[in-house]
Amino acid sequence: MMKTPVSTASLKPGTPELMPPPKYKRAAGWLILLAILVACSIQTGVTPYQLIIGLPQMGGLLQEMFPPDWSYLPTIWGPMMETVQIAILGTTLGGLLAIPVALLCASNLGISRLISLPARMVLNLIRTIPDLLFAAIFVAVFGIGPFAGMLALVFFSFGIIAKLTYEAIEAIDPGPLEAMTAVGANRLQLIMYGVVPQALPYFMSYLLYTFEVNVRAAAVLGLVGAGGIGLLLDRSLGLFRYDRASIIILLTLVIVLIIDYGSTMIRRKLL
């Protein structure tokens, strides 16, 4: 049986018609976006001309980076493993610290706003500070070495994982929580048997994602003296040994790809 098309005449008075947005509004939106991009480019001095005149220098730098100095590989293997270990420790400790704070921030667990609002403000403050600034502060306090880099990644991981986890907790199915509350479950039982089973896969996914980010970040933290492969990278660039810098970049790329592949497989099984 064929459906009869509904005409606009059959609509009741006052019923809004479902019309697509006019083309001029869409064009105006694109023009506004283009104007914003052009204004930002002019104010910051970022122009295609600068990119074009810099291409020959970029090509010369790439020529100096290749072929890589493969004899430097045994020297950088130890610092690279130290970088991965810094990322593992920083991610794990930051994730553990994020669990209670995420529970305090979640609005659907009945936590008092006198507790949840300050906890969210602390998270906002921590996420405001870049990881490099954390590393510079801890290097000034504890000295040059991997301990400062590990502490920087702890705070960095804590801010990211806590934020994403409490948002995941707020999005869980409220049905099990309501049923457990109806039969007299206390708050601890709600968390253990109603929140954890639903939020745990997302927490593990965020933990693995943060670990991937931290491996890249740990390789850069060494530029401010926070240990890891970044120290050798900074030294190679300072001595204009771009062939050594290229082998460091290539090894970092291989490590990141391996971690990314493993994390992707684990996330697929969890979710």
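The notes below deal with the structure included here. (Residues numbered from 1 in each chain as written. Predicted model: local features only at pLDDT ≥ 70, side-chain atom pairs only at ≥ 80, totals over all residues. Heavy atoms only, no water.)

1. Some remarks on the nonpolar core
Here is a general trend for soluble globular proteins: nonpolar side chains tend to be buried in one another's company.
At step 1: If you look at the biggest cluster of nonpolar residues, it comprises 59 residues, and the most contacted ones within it are Ile76, Leu109, Ile169, Val195 and Ile248.
At step 2: Sorting the residues of this core by element identifies helix H3 (73–105), helix H4 (113–128), helix H5 (131–142), helix H6 (146–170), helix H7 (174–182), helix H8 (187–221), helix H9 (229–238) and helix H10 (242–270) as the ones contributing at least two each.
At step 3: Top element by residues in this core is H8. It accounts for twelve residues.
At step 4: Excluding residues that lie within four positions of it along the chain, Ile76 makes contacts with Ile229, Leu232, Ile247, Ile248 and Leu251. (Core = buried A, V, L, I, M, F, W, Y, C linked by side-chain atoms within 4.5 Å. Buried < 20%, exposed > 50% of the residue type's maximum accessible area, 1.4 Å probe, protein only. Helix = DSSP H or I, 4+ residues; strand = E, 2+ residues; numbered from the N terminus. Contact = heavy atoms within 4.5 Å.)

2. Comments concerning the side chain of Thr83
At step 1: Turning to its location among the elements, Thr83 is positioned in helix H3.
At step 2: The class of Thr83 is buried, set by a relative accessible area of 1%.
At step 3: Apart from residues lying up to four places away in sequence, Thr83 is in contact with Val215, Ala218, Ala219, Gly228 and Ile229.

3. A closer look at the layout of surface pockets
At step 1: Of the voids in this model, the largest pocket is the one considered here, and its volume is about 180 Å³.
At step 2: In this structure, the largest pocket is lined by Ile99, Ala102, Leu103, Thr165, Ile169, Ile191, Val195, Val196, Ala199, Leu200 and Phe203.
At step 3: When residues of the lining of the largest pocket are traced back to their parent elements, those giving at least two are H3, H6 and H8.
At step 4: Looking at the lining of the largest pocket element by element, the count peaks at six residues for H8.
At step 5: Taken together, the residues of the lining of the largest pocket break down into ten nonpolar, one polar and no charged. (1 Å grid on protein atoms, 1.4 Å probe; cavity = no way out; pocket = protein on both sides within 12 Å on 5 of 7 lines; lining within 4 Å. Points joined across faces, edges and corners; volume = space filled by probe spheres on them. Nonpolar A, V, L, I, M, F, W, Y, C, P; charged D, E, K, R; others polar.)

4. Points about the packing of aromatic side chains
At step 1: Tallied over the full model, the rule gives six aromatic pairs.
At step 2: Aromatic side chains Phe134 and Phe155 sit 5.2 Å apart centroid to centroid with 25° between the ring planes, which places their arrangement in the stacked category. Taken together, the residues span a long stretch of sequence, with Phe134 in helix H5 and Phe155 in helix H6 at a distance of 21 residues.
At step 3: Residue classification places Phe134 among the buried residues on the basis of a relative accessible area of 7%.
At step 4: Take Phe155: its relative accessible area is 33%, and that puts it in the partly exposed class.
At step 5: Between Phe142 and Phe147, the ring centres sit 5.1 Å apart and the planes meet at 85°, which makes this aromatic pair edge-to-face. (Phe/Tyr/Trp six-rings, centres within 6.5 Å; stacked < 30°, edge-to-face > 60°.)

5. Comments concerning the pattern of salt bridges
At step 1: Here the structure, examined in full by the defined rule, presents five salt bridges.
At step 2: Arg241 serves as the salt-bridge partner of Asp69, at 3.4 Å between the closest nitrogen and oxygen. Of this pair, Asp69 sits in the loop between helix H2 (48–65) and H3 while Arg241 is found in the loop between H9 and H10, placing the two residues 172 residues apart along the sequence.
At step 3: The salt bridge partner of Asp243 is Arg241, with a shortest N-O separation of 3.1 Å.
At step 4: With a relative accessible area of 18%, Asp243 lands in the buried category.
At step 5: Of the residues examined, Arg241 reaches a relative accessible area of 29% and is grouped as partly exposed.
At step 6: Each member of the salt-bridge network shares a partner with another, and the members are Asp69, Arg241, Asp243 and Arg244. (Salt bridge = Lys/Arg side-chain N within 4 Å of Asp/Glu carboxyl O.)

6. Quick notes on the packing of H5 against H6
At step 1: At a closest axis distance of 8 Å, the pairing of H5 and H6 adopts a crossing angle of 140°. In this view, H5 runs oblique relative to H6, as classed from their interaxial angle. At the point where H5 passes H6, the crossing takes the right-handed sense. Contacts between H5 and H6 involve Asp131, Phe134, Ala135, Phe138, Val139 and Phe142 on the former and, on the latter, Phe147, Ala148, Leu151, Ala152, Phe155 and Phe156.
At step 2: Of the residues belonging to the contact of H5 with H6, the class tally is eleven nonpolar, no polar and one charged. (Axes fitted to C-alpha atoms, helices over the stretch in contact; angles between N-to-C directions. Parallel < 35°, antiparallel > 145°, perpendicular 65-115°, else oblique. Left-handed = near helix turned anticlockwise from the far one by under 90°.)

7. A closer look at the environment of Tyr202
At step 1: With respect to the secondary-structure elements, Tyr202 resides in helix H8.
At step 2: On the accessibility criterion, Tyr202 (40% relative accessible area) is partly exposed.
At step 3: The spatial distance from the C-alpha of Tyr202 to the C-alpha of Arg267 is 8.8 Å, given a sequence separation of 65 residues.

8. What to know about unusual backbone geometry
At step 1: In this model, Phe66 is joined to Pro67 through a cis peptide bond whose omega is 0°.
At step 2: Relative to the elements of secondary structure, Pro67 occurs in the loop between H2 and H3.
At step 3: If you check the backbone angles, Phe240 has positive phi at about 60° while not being a glycine.
At step 4: On the secondary structure map, Phe240 appears in the loop between H9 and H10.

So yeah, pure geometry; function would need other evidence.
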